[in-house]
Amino acid sequence: MTVSSNRRHRLGGPLGGIAALGLTLLAGTAQAQQAEPVPSIPTGAPVSLFPPPPATDPAPAPDAAGPDAVASPDAAAAPTPDARSPKGVMVEELKAQDPELAGTLGPDNGGLTPDLWQGLPRADVEALVAGIPAGLTSPALRDMTRGLLLTSADGLGGGEKTRNFAALRTEALLRIGDADGADALRNVAPAVLEDEGAALAWLEMRFFTGDRQSACDQVPGLLSRFQHPVWQKWQIVCQIANGQMDGVFLGLDLMREQGDKDDLFARLAEGAANAVKTPVKGVLEPTPTQLALILVSGRPFPPETKIAGPGPLAALARLGTLPVPQRLAAAERAVALGGLDGPGLLSVYEAVADADPKALTVAAAKKPTPLLRAQLLKALRAEPTPAAKAGLFKVAMLASSTEQQAGAYGALLLEEARQFRLTVGFASIAPLVARLHLLQGEATAAGPWINLARDDFNASKDEGAFARLWPLAAAHGLLRETDFDRARWVRDLGGDTARDKAEEVLILLTALHGGKDAPLPPLADGGAPPGQVKGAVLLDAVTALGSDGAVGTPAFDLAAILTDLTRAGLSDQARQIGAEAIAGLLRPGA
């Protein structure tokens, strides 16, 4: 099997039917994009843990009839069924969980089944996990990736081990900004920090996301274990952070003896040790250790500096000496990459001055900024009047993207939306409240708001808002497409200008509802279709969607991915991704 970061999903077979359905329903025209076939993923034959029961009950062994019978050594070597076990079922002693495969999740709490890698060679599994991209801005993608990486597996395929699998998963969790998940995995697999790559990724994330001391506490042990010069640099960073200036110059001498020529790091360290407080200049794209030195030195941060990555961005968001607009931009980018949660975002927003209420309007939402979103949330949290609160909520929803509504910003908005009463007086915002519940994964709570919005729609009062809601509800199985007149729907969306968008939505809905039963198309060479290894199919989807996410992927490509996920038994993940994409196509006010 060849694992590539540029995999394409097959667009033949059922997608022809999906495209035809969209064309038939809307009488429009669309051009299907073509893609290369996905490489074959072999799947081993299912392995039964228990033998089938015998046709008749065997006669009891003579020497096992009484309680005083003594088993022979040969008898002791074979497992003996428990007297309470069903007849014909062999009971085997459970083996201890391999720490390398341990996790904190299973199928009952957000993870996958433990056979998620069954039949896939270890080299392919390692390559798939190592290939999980950074920069996932889709909350749905990050959530399903986290669920896979924290799932406790029951085994890997054969082949040579090149890296500790728990360490590989930890690195991947940190790439998508999940420091808490990485810590949870480290708790069940302590050997993670014995892997140099995972240890460095963990240290950097912990340091930048606000837990400097726990990161620095690990540095001496890591410095003694590993040989790379970067550990000496982190030792210097932590010495400065803890006020231990005496060892800084000795550490710099050791760096130079090791041949490290990071002159910028050396200058920054010497400046920090000598209590220099002048602004840092000439630092455009600092390395993690250079950035760490700037932060611990307390010197003014250079505004021209380019910072990427969930951890460093979260550190900038918390830096009180930065201008507020720069902090807000860093905070929202950190949230988008998974490095900052709702409370962290709110703490940054609290530093924003209150806005003139007259500026928080629907017109302002057409050109949204991080400052406007912060001001809206502050005003929404402080507003005591229900009607005024509903108006601010509407503007906040119009000023935010689908990904923001599905992520930490949306979670903060939902806290305020829970205060709205389910009455006719709130019918005008019912489609927005329902949308937010659905994007936050609360389909049950969305139901009553969907009904309220539908009543407004039936009374012809909603001005097209329900046209942007019902497909999202249908993706979650709460409404049926057949209940709505297609012609009126397209007209409510915007007429002919919305026809292509409506067709894309129908393609995605068809993939979600019909993908499981659609036949697998053959490979390009006429061979049999690939097996459906859950972990491989899910990571194929993550790699294919990447930083564009569901919202930025063409409908035909995404429909193929949704179909593959559903066939592999990952219908919940398919629905989550598909719903996010449909919500992106049908943004309120767009």
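Residues numbered from 1 in each chain as written. Predicted model: local features only at pLDDT ≥ 70, side-chain atom pairs only at ≥ 80, totals over all residues. Heavy atoms only, no water.

In this section: the overall build of the chain. When you go through the chain residue by residue, the secondary structure sums to 28 helices and zero strands. Each of the 590 residues in the chain was classed as buried or not, and the buried ones make up 49%. For the chain, restricting intrachain contacts to residue pairs at least 6 apart in sequence, the fraction spanning at least 24 positions comes to 71%. For the chain, the exposed surface amounts to about 27500 Å²; the carbon and sulfur share of it is 54%. (Helix = DSSP H or I, 4+ residues; strand = E, 2+ residues; numbered from the N terminus. Buried < 20%, exposed > 50% of the residue type's maximum accessible area, 1.4 Å probe, protein only. Contact = heavy atoms within 4.5 Å. Areas by Shrake-Rupley, 256 points an atom, 1.4 Å probe, with all protein chains shown as cover.)

Residue position: Asp341 is located in the loop between α14 (324-336) and α15 (342-349). C-alpha separation for the pair Asp341 and Ala314, spaced 27 residues apart in sequence, amounts to 9.6 Å.

Another point: the packing of aromatic side chains. One pass over the full model with this rule turns up 13 aromatic pairs. For the ring pair Phe208 and Trp234, a centre distance of 6.3 Å and an interplane angle of 70 degrees mean the geometry is edge-to-face. One end of the pair, Phe208, is in helix α7 (residues 196-208); the other, Trp234, is in helix α9 (residues 230-241), with 26 residues separating them in the sequence. The same class applies to Phe208 and to Trp234, which are both buried. An aromatic cluster is built from Phe457, Phe466, Trp470, Phe484 and Trp489, whose rings are joined through pairwise contacts. For the cation-ring pair, Arg186 lies above Trp202, with the distance from its terminal atom to the ring centre recorded as 4.7 Å. Over the aromatic face of Phe265 sits the side chain of Lys233, whose NZ or CZ is 5.6 Å from the ring centroid. (Phe/Tyr/Trp six-rings, centres within 6.5 Å; stacked < 30°, edge-to-face > 60°. Lys NZ or Arg CZ within 6 Å of the ring centre and 35° of its normal.)

Structurally, Val335 is set in helix α14. Residue class for Val335 comes out buried when judged on its relative accessible area of 12%. Considered as a pair, Val335 and Pro310 are 25 residues apart in the sequence and their alpha carbons are 7.6 Å apart. Not counting residues up to four positions away in its chain, the partners in contact with Val335 are Arg142, Leu340, Leu345 and Ala408.

On to the pattern of salt bridges, then. Evaluation of the coordinates by the stated rule reveals 24 salt bridges. Ionic pairing is found between Asp262 and Lys233, a salt bridge with its closest N-O pair at 2.8 Å. Note that Asp262 is positioned in the loop between α10 (246-257) and α11 (263-273) and Lys233 in helix α9, a separation of 29 residues in sequence. In terms of burial, Asp262 and Lys233 fall into one category: buried. One salt bridge connects Arg418 with Glu442, and the closest N-O pair in it is separated by 2.7 Å. Of this pair, Arg418 sits in the loop between α20 (408-417) and α21 (430-439) while Glu442 sits in the loop between α21 and α22 (443-458); the two residues are 24 residues apart in sequence, bridging distant segments of the chain. Looking at Glu442, the relative accessible area reads 24%, which means it is partly exposed. (Salt bridge = Lys/Arg side-chain N within 4 Å of Asp/Glu carboxyl O.)

A few words now on the confidence of the model for the chain. Averaged over the chain, the pLDDT score is 83; the fraction of residues at 70 or greater is 81%. This stretch, residues 27-93, has a pLDDT under 50; its non-local contacts, to residues over four places away or in other chains, come to 67 contacts. (pLDDT = per-residue confidence, 0-100.)

This part takes up the side chain of Glu126. Here Glu126 shows up in helix α3 (residues 122-130). A polar contact of 2.3 Å, which involves the side chain of Glu126, links it to the side chain of Thr162. Not counting chain neighbours up to four residues away, the residues in contact with Glu126 comprise Glu160, Lys161, Thr162, Arg163 and Leu168. (Polar contact = N/O pair within 3.5 Å; in protein donor to acceptor, adjacent residues only side chain to side chain.)

This paragraph deals with helix α12 (residues 288-297). The element α12 is extensively covered by neighbouring structure, given that nine of its ten residues are classed as buried. Here α12 has its buried residues at Thr289, Gln290, Leu291, Ala292, Leu293, Ile294, Leu295, Val296 and Ser297. Where α12 is buried, its residues touch α7, α8 (212-225), α9, α11 and α13 (310-317).

With that out of the way, let us pick up the side chain of Arg142. With respect to the secondary-structure elements, Arg142 resides in helix α4 (residues 139-149). Although buried, Arg142 forms no salt bridge, and the nearest oppositely charged side chain, Glu580, lies 7.9 Å from it. Within the structure, Arg142 has its side chain in polar contact with the backbone oxygen of Leu136 (distance 2.9 Å). Setting aside chain neighbours within four positions, we find Arg142 in contact with Leu136, Thr137, Ile176, Val335, Ala336, Leu337 and Gly338. (Lys, Arg positive; Asp, Glu negative; His and termini not counted.)

Further remarks concern the state of the cysteines. A complete count under the given rule lists one disulfide for this structure. Across a sulfur-sulfur distance of 2.1 Å, Cys216 and Cys238 are joined as a disulfide pair. Residues Cys216 and Cys238 share a disulfide whose torsion about the S-S bond is about -85 degrees; that sign makes it left-handed. Of this pair, Cys216 sits in helix α8 while Cys238 sits in helix α9, and the two are 22 residues apart along the sequence. (Disulfide = S-S within 2.5 Å.)

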